[in-house]
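Coordinate analysis (summary)
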Amino acid sequence: MSDIIVSADALEGLDAQAAPATRVRGYWQSVFYRLRHDPVTLAFGAIVLSIVLVAICAPLIAPFDPYKESIVGRLKPFGWRGHLLGTDELGRDMLSRLLYGGRVSLLMGVMPVLIASIIGGMLGILGGFIGGRLNTAIMRTMDVFYAFPSVLLAVAVAGAMGGGVGNGMLALTLVFIPPVCRVAETATTQVRALDFIEAARASGAGTLTIVRYHVLGNVLGPVFIYASSLVSVSILLASGLSFLGLGVRPPTADWGLMLSTLRQSIYIVPFVCAVPGVAIFITSICFNLVSDGLRAAMDVRM
């Protein structure tokens, strides 16, 4: 009996030597943990947030009326009489127009992607989960849009409808629906073949219940990541439409339209004319880097 008796002191020593319990993070906890420890994504995310806040607060911080013209003050350089970024071809303050133009450019960059994500995501989930003829009909319709380059399709649709902010957003939405639908359909097809879907069907769950509680959560991640990468593309396409006269109409402030109206004055005040292009470039790069950071954070390998 003495060989198998263990003292209380020995048990306490074994407990002290045992490894502490490790708390396993959930999926979203892992995503936020990675984002918190990604200084590049945090830095550029702060820049994107600053751009959005500045655009929203443009009426409060704009130093001049963005639509007030001055014949005497046409095409002036940086710092002329309080105009920090100079004036445009009609004597309007460039800084004020840049702030107001960011509101339109960001609106045309975010809203088409948001609407296309909702419509394209619903079509992709519907076709990928049900399959059969419905999936064939949806995806073959999307393939028709794939036959045209996105830039040419946006220009054709906007030109046919006559331009304007609403028509430009509609054109961009039609351009982005097919790729979002393809991503959602592919993700849904992969999830549909997993065991927990079969278990849910065997338990008597209906189609809507399975899609809502089991499919949607697994498909939203890939769709969100892809949609975030489309925001910069949407900003560039919207600026291109305005540059060609198929987007925002004068005198509304817009970065693409400002580039178009200032291109003939590039040899007079080249730095002033380049300001809208620099704003488009910085905004697009920041959205791209934030999208890459989100993709890396959400790609958690178990």
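Before going into details, it helps to say that this report is about the structure given with it. Just so we're clear, the structure is a prediction, and the values are computed from it rather than from any experiment.

About the thresholds
- Residues numbered from 1 in each chain as written.
- Predicted model: local features only at pLDDT ≥ 70, side-chain atom pairs only at ≥ 80, totals over all residues.
- Heavy atoms only, no water.
- Helix = DSSP H or I, 4+ residues; strand = E, 2+ residues; numbered from the N terminus.
- Buried < 20%, exposed > 50% of the residue type's maximum accessible area, 1.4 Å probe, protein only.
- Contact = heavy atoms within 4.5 Å.
- Patch = residues over 30% accessible without salt bridge, like charges linked within 9 Å, V, L, I, M, F, W, Y side chains within 5 Å.
- Areas by Shrake-Rupley, 256 points an atom, 1.4 Å probe, with all protein chains shown as cover.
- Salt bridge = Lys/Arg side-chain N within 4 Å of Asp/Glu carboxyl O.

Locating Ser260 in the fold gives a position in helix α11 (residues 255-262). Taking the relative accessible area as the measure of exposure, Ser260 reaches 12% and is therefore buried. Once residues within four sequence positions are removed from consideration, Ser260 is found in contact with Ser242 and Phe243.

Here we come to a nonpolar patch on the surface. Together, Ile47, Val278, Phe281, Ile282 and Ile285 make up an exposed nonpolar region whose accessible area comes to about 420 Å². Here the element with the most residues in the nonpolar patch is helix α12 (residues 270-298); it accounts for four residues. For Phe281, the position within the fold is in helix α12. Here Phe281 falls in the exposed class, since its relative accessible area comes to 55%.

Below, the discussion takes up unusual backbone geometry. A negative phi angle is the norm for most residues apart from glycine, just as the trans form is the norm for most peptide bonds. The residue after Pro250, namely Pro251, is reached through a cis peptide bond having omega 5°. Along the chain, Pro251 falls in the loop between α10 (207-243) and α11. Its identity is not glycine, yet Leu75 carries a phi of approximately 50°, on the positive side.

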